[in-house]
Amino acid sequence: MVSNTESFSIRSSFSKWAPLISTLLLTGITYGVQRTSLALYVIDLSGSNIMNILIFLQISSTLITYGLFKGIAGFFSSRISSRIKRKNTMRIGLGLLVIGSVSIFLAKYINLTGLILGNVFIGAGLGLFFTASMSALTEIAGAEGSAFSVGSMEFSVYLGSSIGSFFAGLIVQNQGNNFAASFTFALIVAGVAVVIGILLLRNVETQELVEGTKEEILLDSTKVETKWSLRNIVKTPTLLLSYLAGHFSRIMDSLIVLLLPILVSSSYGFTATQVGLVTAGFTLAWAISMPFTGKLSDRFGRKGLIVIGLVTEGLALVLITITKEPIYVISLAIAAGIGTAIYYPSLPSITRDVVPIIKREQSFGLYRASLDSGYFTGPLIAMGLAFSATKLNLWSDTQLENQLKFPFLVIGISLGVLALLFLFLAMETRPGWVQASISLKHGNKVKDVYMKMNQALEAYIDNKEIDCCTDILSDAKELERDADKLVFRVTQALYGQVRPAPDDYHFYKITDILDTSIGFTLRSMRKLLMIPRQNLPEKFVEYLKIECELLVKMITKTVDALEVVCIQPLSSHPIFEEVHNLEKELDLNSQEGLASVTKDSGKLNPVETLYVIQIIESLEQSANHIEDAVDVMKIVGLKYQVRPLVI
């Protein structure tokens, strides 16, 4: 089970975190060069007008190909990782990125086919690498930092994309609008990424990342999960909506990449610098905000931020069709980027919250497939909406302007509808529990008290000096005082809020019940020390040994259960059953202990016999209180169990 209750943090596992983030930054730079130069390079190769639907298809073809193969590769990433290990999957992905970069570099000799072929390899490579990286990073950061880790990942990728875009523009400008020259830079960066991937990406497997942490509890408690199919997603509205929102985020990104530069340059009359500010503002706002919004998601929950983010992004897209002022359009692009950042890290974190750990990488593959296939459907939807608005006159402007604005209006409204679906159909998977961490600390203090109690019993049974036993109980009493301080903090957190949530009261009850159990335990030990060791019947001594060992096991399992409730409610119920089974053993042992004293009181006098009976009752009361605390945990666990997966 778990030897260390502290979960991995980025600080404690920096050697694993830094190479991944660095490599993601480099892959982002490679993609950023394409993001800036590719559409213009296609036009340069095709030598035709954007108004022609076939030319629009040519421009979109690279992004469509990229999204299609990135989604397919993401879907199969977990299966490949299970066969050849995650680190090898990452390295294959980086290798494909280099092959794609070479193909695009040679496109000037083989025309548009080279660009499309290059995006097949780049999409497949990044699909493999990003899916494996997302799985690894969420395990490195632990349960309390999953959204932050996703935010850090996307920050690295899109910061790299911004850097790549900047250098691509600089290189193209210095090379006399030779777009192909920027792809040399992309090829060099991709080569550096491969070198880092081969040399530094080592300990990234699940067992290596969760060993010795409380994530190990999840591995123990979810080994029974043997089936996984698409119907698990369909039957779970929260998961299904997160996949759908991810898909729409890519559709929206496709609009920003393909149509927004054309809209603001051809219809709004923006200069090249202003066009750059619009696209860079969106990307940078998205990238820079994500670590912070990810932290907020881990602290306050997923659902609220997703709703706020979708509404913000959708409203910004709609308003872009209304104003033509550069300062407003740039501000709205930044607002759209911030809106995306608000909800984006929470979407894959829902998968991490709900899906058992042994199925998580597979489900991340499904999520990435849904997400990145938005780059396939996005351009097609944008094109369909644009050309379906040929006779539309909503804005009383030119036909081209109406065509370019209509996709932004439709997708903006769709994001608003998606926000409403989340609001009414989705469940919270990571509530903002103020007291959860304090309650967990208290549980560990209670466990320490029980272990001290067991030490005192062993010293007593071994006929050690009474002062030794008393000293151990004094240490236990000191731990109880520390636990009392944590009870006060939980109570303060409960009644210090404007409107306490029901969950806050549940954590207060868990803490209060476990704290009460300490009193019964210490009381029983104090009475035991008043009875000379030689007066106790051996059968009763045997009872005490078994009873205390079972109590320590029971409180340990209970604290494990509390940890899992805080991490992933779906996985907590097998541990609850283990606690209840231990409580049944304790009941039987108490009956045997009482029967043994009744049959043979040995050298006990009437007062000592009464003390023995009270000791048995007190230890039984301790066990009952521990089970009562578990019953309250069940309420919390059931409330946030989104939907049981098929077993």
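Conventions adopted
Numbering of residues starts from 1 in every chain and runs along the sequence as written. Given that the model is predicted, a residue must reach a pLDDT of at least 70 before its local features are reported, and side-chain atom pairs must reach 80 or more before they are shown or counted; all residues, however, enter totals for whole chains, interfaces and linings. Side-chain measures were taken over the full set of non-hydrogen atoms in the model, leaving aside hydrogen atoms and water. Working definition: helices are DSSP H or I runs of at least four residues, strands are E runs of at least two. Numbering for both runs from the N terminus. Burial classes: relative accessible area under 20% of the type maximum marks a residue as buried, over 50% as exposed, and values in between as partly exposed (1.4 Å probe, protein chains only). In what follows, a contact means two residues having at least one pair of non-hydrogen atoms within 4.5 Å. Reported accessibility uses the Shrake-Rupley method at a 1.4 Å probe radius. Residues are deemed covered only where the shown protein chains occlude them. The length a helix should cover is 1.5 Å for every residue beyond the first. Comment: arc refers to directions from the helix axis out to C-beta atoms. By convention, a stacked pair of Phe, Tyr or Trp rings (six-membered ring in the case of Trp) has centres within 6.5 Å and planes under 30 degrees apart, an edge-to-face pair has planes over 60 apart, and any other such pair is tilted. Any Lys or Arg side-chain nitrogen located within 4 Å of an Asp or Glu carboxyl oxygen qualifies as a salt bridge. Confidence scores labelled pLDDT are given residue by residue by the predictor and lie between 0 and 100. An axis is simply a line fitted to the C-alpha atoms; with a helix, the fit covers only the stretch in contact. Between two such axes, the angle follows the N-to-C directions and lies from 0 to 180 degrees. Throughout, the term roughly parallel applies to angles under 35 degrees, roughly antiparallel to angles over 145, roughly perpendicular to angles from 65 to 115, and oblique to all others. Helix crossings get a hand from a simple test, with the near helix turned counterclockwise from the far one by less than a right angle marking a left-handed crossing and a clockwise turn marking a right-handed one. The classification used treats Ala, Val, Leu, Ile, Met, Phe, Trp, Tyr, Cys and Pro as nonpolar, Asp, Glu, Lys and Arg as charged, and all other residues, Gly among them, as polar.

Concerning the overall build of the protein chain
In terms of regular secondary structure, the protein chain is built from 25 helices and zero strands. Counting the 647 residues in the protein chain, one finds 58% classified as buried. Sequence-distant contacts, at least 24 apart, represent 85% of the contacts inside the protein chain between residues at least 6 apart. Accessible surface for the protein chain amounts to roughly 25,500 Å². Of this, 62% is attributable to carbon and sulfur atoms.

Quick look at unusual backbone geometry
Even without a glycine there, the phi angle at K85 is positive, about 80 degrees. Residue placement: K85 occurs in the loop between α2 (53-84) and α3 (86-105).

Observations regarding helix α18 (residues 374-388)
Taking 1.5 Å as the rise per residue, α18 with 15 residues should run 21 Å; its terminal C-alpha atoms sit 20 Å apart, in good agreement. By the burial criterion, the buried members of α18 are G374, Y375, G378, P379, A382, M383, L385 and A386. All buried residues of α18 fall inside an arc of 170 degrees around its axis, so they share one side.

A look at the packing of aromatic side chains
According to the stated counting rule, one finds eleven aromatic pairs in the structure shown. Ring plane angle 90 degrees and centroid distance 5.0 Å describe the contact between F75 and F76, whose orientation is recorded as edge-to-face. What makes F76 partly exposed here is its relative accessible area of 36%. For the pair F129 and F130, a centre-to-centre distance of 6.3 Å together with 50 degrees between the ring planes defines the contact as tilted. Look at F129 and you get buried, because its relative accessible area is 0%.

Quick word on the pattern of salt bridges
Under the counting rule described, the total for this entry stands at 16 salt bridges. For the salt bridge of R368 with D372, the shortest nitrogen-to-oxygen distance reads 3.3 Å. Of the two residues, R368 and D372 are both situated in helix α17 (residues 357-372); the distance of four residues between them amounts to about one turn of the helix. Residue R368 is classed as buried on the basis of its relative accessible area of 1%. Since its relative accessible area comes to 0%, D372 is described here as buried. The partner of K477 in a salt bridge is E480, and the shortest N-O contact between them spans 2.7 Å. Of the two residues, K477 and E480 both sit in helix α21 (residues 466-495), three residues apart, roughly one turn of that helix. Here the residues in one salt-bridge network are K70, E154, R250, R368 and D372, joined through shared partners.

Let's talk about the confidence of the model for the protein chain
In this model, the protein chain carries an average pLDDT of 82, and 85% of its residues clear a pLDDT of 70 or more. Per-element confidence in the protein chain ranges from a low mean pLDDT of 59 for helix α9 (residues 215-221) to a high of 96 for helix α14 (residues 303-320). Across residues 1-8 the pLDDT falls below 50, and counting only partners more than four positions away or on other chains, this stretch makes 30 contacts in the model. Confidence drops under pLDDT 50 across residues 46-51; counting only partners more than four residues distant or on other chains, this segment forms twelve contacts.

A few points about the packing of helix α20 (residues 436-461) against α21
Where α20 meets α21, the axes come as close as 9 Å, and the angle between the chain directions of the two elements is 170 degrees. Put simply, α20 runs roughly antiparallel to α21. The handedness of the crossing between α20 and α21 comes out as left-handed. Its residues placed into classes, the contact of α20 with α21 shows 15 nonpolar, three polar and eight charged.

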